[in-house]
Amino acid sequence: MPTPNAIEVCRTDLFTKEDELRQRYPQVIVDKVLRVREIYQWFISNPDGTDAFSPIRSKLLRGRHPLHRL
């Protein structure tokens, strides 16, 4: 049986219980769906894209992944 497309699984089962996801799909797909669910919940909680830790997160990310101008 081929591995299902993660985007299609998110489209159909984004809010399905975690136990049911584990029964239906491989662990790799379940991890991706759970990550998308986390991102969705964060976006709903912070629609402007900021939160209390945004400056700290930005500083950490700049240190790990510096941006360069082209």
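Residue positions are given per chain, counting from 1 as you read along its sequence in written order. Only residues with pLDDT of at least 70 get local features here, since the model is predicted, and only at 80 or more are side-chain atom pairs given and counted; chain-wide, interface and lining totals rely on the full set of residues. Only hydrogens and water are removed before side-chain values are computed, so all heavy atoms of the structure are retained for them.

**Some words on helix α3 (residues 27-45)**
Across its 19 residues, α3 extends 27 Å between first and last C-alpha, which sits within 8% of the 27 Å expected from 1.5 Å per residue. Taken together, the buried positions of α3 are occupied by I29, V30, V33, L34 and R37. Take α3 and look down its axis: the buried residues cluster within an arc of 135°, on one side only. Contacts between residues were defined by any pair of non-hydrogen atoms, one from each residue, lying within 4.5 Å. Secondary structure elements follow DSSP: runs of H or I of four or more residues count as helices, runs of E of two or more count as strands, with numbering from the N terminus. Elements in contact with the buried residues of α3: α1 (6-13) and α2 (18-24). What a helix should span is 1.5 Å times the count of its residues minus one. Whether a residue is buried, partly exposed or exposed follows from its accessible area with a 1.4 Å probe, protein chains only, as a fraction of its type maximum: under 20%, in between, or over 50%, in that order. Each C-beta atom gives one direction from the helix axis, and the arc is the one those directions make.

**Here we look at the packing of aromatic side chains**
Any two of the Phe, Tyr and Trp rings considered here, Trp counted by its six-membered ring, make a pair once their centres fall within 6.5 Å; the pair's planes then place it as stacked at under 30 degrees, edge-to-face at over 60, or tilted in between. Tallying each qualifying case throughout the model produces one aromatic pair. Arranged with centres 5.4 Å apart and planes meeting at 65°, the rings of F15 and Y40 form a pair that is edge-to-face. Pair noted here: F15 is in the loop between α1 and α2 and Y40 is in helix α3, with a separation of 25 residues, a long-range link.

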